[in-house]
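Structural description and commentary
The residues making up each chain are set out below.
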Amino acid sequence: MGRLEGKTVFITGASAGIGEASAREFAKEGSNLILTARRLDRLKGLKEELEKKYPSITVTAVELDVREKKQIDAVIASVPPVDILLNNAGMVLGVEHLQDVEEDEFDQMIATNIKGLVFLTKAVLPSMKERQTGHIINLGSIAGKQAYPGGSIYCATKHAVEAITGSLRHELVDTPIRVSAICPGLVNTEFSTVRFRGDKQKADNVYAGLQPLVAQDIAEIIVFTAGRPPHVNIADMLIFPTNQASATNVARNN
Ligand SMILES: NC(=O)c1ccc[n+]([C@@H]2O[C@H](COP(=O)([O-])OP(=O)(O)OC[C@H]3O[C@@H](n4cnc5c(N)ncnc54)[C@H](OP(=O)(O)O)[C@@H]3O)[C@@H](O)[C@H]2O)c1
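Residues numbered from 1 in each chain as written. Predicted model: local features only at pLDDT ≥ 70, side-chain atom pairs only at ≥ 80, totals over all residues. Heavy atoms only, no water.

- As annotated in an unreviewed UniProt entry, the protein chain carries the name NAD(P)-binding protein and is attributed to Phascolomyces articulosus.
- As its UniProt record puts it under Sequence similarities (unreviewed entry), the protein chain is described as follows: "Belongs to the short-chain dehydrogenases/reductases (SDR) family." (UniProt positions renumbered as here; feature names shortened; annotations may be inferred.)

Structure below.
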């Protein structure tokens, strides 16, 4: 029996990109899934696909906006105890310099990337502590390690994820609960389309002339991280495409 078989994995942002790919990888390992995001239709499609392919697992699809603490608490109260929490939901809006950042977009990034992750973590921790088991895996980013122009608020949110992940690891050091950060560079998902507010051409330009990571690349690393023996905690992993060396140093058309 594999280490992840029968585990309950709660994924935020499972309707696209890294979250969706992680759901597929965890399903392959025999984990039971709680898939959450705002686009319930997509989650239902994924649930149907995975239950058909892996009849031994249970997949629950729940609409959840991570900006809403009440929704989070209600969902956590209604599902089985969570063994692995994948705090994946996240987003960026725009590339404006700080002086031009709109307040509502600033609020949205903070509410999704920081507050949502904290609310979810707070909601699952009591049960993890009581059961003396659990793994919290947070999606950080190279933007949480380096700042770049046009990324002030997003970088701030991912630096916050880095700090929260670190503090939590200290706070839980005398427990069996593991806390990990997975920090990708450029991954070709809907992320940039959201950033450019639906402009696919601008989004595609982000990945032009290089081979970016795809969601599957990160999902495999997430599942590898979750699947280590209980005494092994992958604290922090930074993953770039081969032709990226920092937030701003990317070689194109090699
Ligand atoms: N792509 C990259 O280059 C990259 C690099 C480093 C780190 N990351 C991080 O990786 C994570 C996943 O991003 P991705 O690349 O897979 O992007 P994506 O394809 O745009 O997927 C983002 C997911 O987050 C969900 N989401 C957004 N706002 C939400 C909210 N308020 N409540 C619940 N779910 C919400 C979306 O679902 P709904 O819209 O259906 O709610 C979607 O499933 C993010 O934390 C991102 O910051 C991405």
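Right, picking up where we left off after that structure.
1. Overview of the sheet that holds strand β4 (residues 84–87)
- Reading across from one edge, β3-β2-β1-β4-β5-β6-β7 is the order of the seven strands in this open sheet, with parallel pairing throughout. Only two strands of the sheet have a single neighbouring strand rather than two, namely β3 (59–63) and β7 (236–239). Averaged over all pairs of adjacent strands, the angle between their axes in this sheet comes to 15°, without regard to strand direction.
- Where β4 lies against strand β5 (residues 135–139), four bridges are found, and the strand directions are parallel. Along β5, the bridge assignment pairs I84 with H135. (Pairing = 2+ DSSP bridges. Helix = DSSP H or I, 4+ residues; strand = E, 2+ residues; numbered from the N terminus. Axes fitted to C-alpha atoms, helices over the stretch in contact; angles between N-to-C directions.)

2. Things to note about the site of the ligand
- Around the ligand, the surrounding shell holds 29 residues, and the nearest of these are S15, R38, R39, Y154 and T189.
- V66 places a polar main-chain atom, nitrogen or oxygen, 2.9 Å from a nitrogen atom of the ligand.
- In the model, an oxygen atom of the ligand is placed 3.3 Å from a nitrogen or oxygen of the F191 main chain.
- Across the complex, the protein chains shield 96% of the 880 Å² of accessible surface that the ligand would expose by itself.
- More than half of the atoms of the ligand fall within 2 Å of the grid points belonging to the largest pocket.
- Mapped by element, the contributors of at least two residues to the shell around the ligand are α1 (17–28) and α5 (152–171). (Near = heavy atom within 4 Å. Polar contact = N/O pair within 3.5 Å; in protein donor to acceptor, adjacent residues only side chain to side chain. Areas by Shrake-Rupley, 256 points an atom, 1.4 Å probe, with all protein chains shown as cover. 1 Å grid on protein atoms, 1.4 Å probe; cavity = no way out; pocket = protein on both sides within 12 Å on 5 of 7 lines; lining within 4 Å. Sits in = over half its atoms within 2 Å of the grid points.)

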